Amino acid sequence: MGIAVYPGSFDPITFGHLDIIERASLLFDTVIVTVFDNASKSHQFSPEERVAMVRESTAHLANVQVEAFAGLLVDFVRDRGAKVIVKGLRAVSDFDYEFKMALMNKKLAPEVETVFMMTSSRYLYIASSLVKELFMYGACVEGLVPAAVLSRLRRGHIPAECG
Ligand code: PNS
C-alpha cells in the first residue's frame, strides 16, 4: 500500500510509538519514521540522538526507514512520494490537536491522507514527556521505552531501582 510517513518528535521514542511503527510496517510497503524538531517544544535529546534511538529500536523492521527533517511535514511527504501520514491516537485528549493538524495538512496537501491508528491499550498511558519526568525523579522507566533509550537515559545517571 505504498509509502507512509510516521512523523513525531520522538523525544524519546516509547513502546507506544514502536507499537504503531510495527503495526504500520505490516500495512505499508515502506514506513518512513520522520524525526522533527518541533519549534514550539524544547527537546531533551538532539535530533541525531533521537534518530539513533529510533533506528536502533526499529532495526528488526526491514521496511522501516528513519530520517530527520526540519520543515513542513507535507513538503517531506510529497518529496518522498508518500500519500499517507500515519498518526497514533491515545485518548480523546489527543484528538483535538491531531484533528486540527490533519485538517491543516489536508488543506496544504489535499492528495495526502492522514491515517489514525489507535494505540494498543497496554500503552495508552505512555507519553515521552511522562517518561522524561519519571526518569528525572529517579523512577524506573523499564517497560515504557526500548533498550536504546534506557541506555541513553542512564548515561551519566545512577540507574533507577527497578522491580
Ligand atoms: O510527537 P509530536 O511532538 O506530537 O509531533 C508533532 C509533529 C512533529 C508531527 C508536528 O509538529 C509536525 O508535523 N511538525 C512539522 C511542521 C509542520 O508541518 N507543521 C504544520 C502541521 S499542521
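Residues numbered from 1 in each chain as written. Predicted model: local features only at pLDDT ≥ 70, side-chain atom pairs only at ≥ 80, totals over all residues. Heavy atoms only, no water.

### Digging into the overall build of the protein chain
Phase 1: Tallying secondary structure elements over the protein chain gives 6 helices and 5 strands in all.
Phase 2: Taken over the C-alpha atoms alone, the protein chain extends approximately 50 × 35 × 30 Å along its principal axes.
Phase 3: Per-residue burial over the protein chain gives 45% buried out of 163 residues.
Phase 4: Here the protein chain holds 17 positive side-chain charges and 19 negative ones, and the gap between their average locations is 3 Å. (Helix = DSSP H or I, 4+ residues; strand = E, 2+ residues; numbered from the N terminus. Buried < 20%, exposed > 50% of the residue type's maximum accessible area, 1.4 Å probe, protein only. Lys, Arg positive; Asp, Glu negative; His and termini not counted. Charge placed at Lys NZ, Arg CZ, Asp CG, Glu CD.)

### A look at the sheet that holds strand β5 (residues 113-118)
By definition, the strands of a sheet pair up through backbone hydrogen bonds, in either a parallel or an antiparallel sense.
Phase 1: The parallel open sheet is built from 5 strands, whose spatial order is β3-β2-β1-β4-β5. One side of each edge strand has no neighbouring strand; the edge strands of this open sheet are β3 (64-69) and β5. Shown here is a sheet whose adjacent strand axes are inclined to one another by a mean of 30 degrees, direction ignored.
Phase 2: With 6 bridges connecting them, strand β1 (residues 3-8) and strand β2 (residues 30-36) associate as parallel partners. Bridging across to β2, Pro7 finds its partner in Thr34.
Phase 3: Its contacts with the sheet place helix α1 (residues 15-27) against β1, β2, β3, β4 (84-89) and β5, and it is angled at close to 120 degrees to β5.
Phase 4: Along the sheet face, helix α2 (residues 47-57) touches β2 and β3 and points at about 150 degrees away from the line of β2. (Pairing = 2+ DSSP bridges. Axes fitted to C-alpha atoms, helices over the stretch in contact; angles between N-to-C directions. Contact = heavy atoms within 4.5 Å.)

### As for the site of the ligand
Phase 1: Around the ligand, 13 residues are found, and the nearest of them are Ser9, Asn38, Lys41, Leu72 and Leu73.
Phase 2: Taking Ser9, its side chain carries an N or O atom lying 2.5 Å from an oxygen atom of the ligand.
Phase 3: Leu73 places a polar main-chain atom, nitrogen or oxygen, 2.8 Å from an oxygen atom of the ligand.
Phase 4: Coverage of the ligand by the protein amounts to 79% of the 550 Å² it exposes when considered alone.
Phase 5: Of all elements in the fold, only β1 and α4 (92-108) reach the threshold of two or more residues within the shell around the ligand.
Phase 6: Ranked by residues supplied to the shell around the ligand, first place goes to α4 with 3 residues. (Near = heavy atom within 4 Å. Polar contact = N/O pair within 3.5 Å; in protein donor to acceptor, adjacent residues only side chain to side chain. Areas by Shrake-Rupley, 256 points an atom, 1.4 Å probe, with all protein chains shown as cover.)

### Re unusual backbone geometry
Phase 1: Following Asp11, the chain continues into Pro12 via a peptide bond in cis, with omega recorded as 5 degrees.
Phase 2: Here Pro12 lies in the loop between β1 and α1.
Phase 3: You will see that Phe10, though not glycine, has its phi angle at about 50 degrees, which is positive.

### A few points about the pairing of β1
Phase 1: For the handedness criterion, the β-α-β arrangement of β1, α1 and β2 is classed as right-handed.
Phase 2: Direction of pairing for β1 relative to β4: parallel, over a ladder of 2 bridges. Bridging from a neighbouring strand, Ala4 pairs with Val84 of β4. (Right-handed = clockwise from strand over helix to strand, strands pointing away.)

### Quick word on the environment of Leu124
Phase 1: With respect to the element layout, Leu124 can be found in the loop between β5 and α5 (128-136).
Phase 2: Separated by 33 residues in sequence, Leu124 and Ala91 have C-alpha atoms that sit 7.4 Å apart.
Phase 3: Other than its neighbours up to four places away in sequence, Leu124 contacts Arg90 and Thr119.

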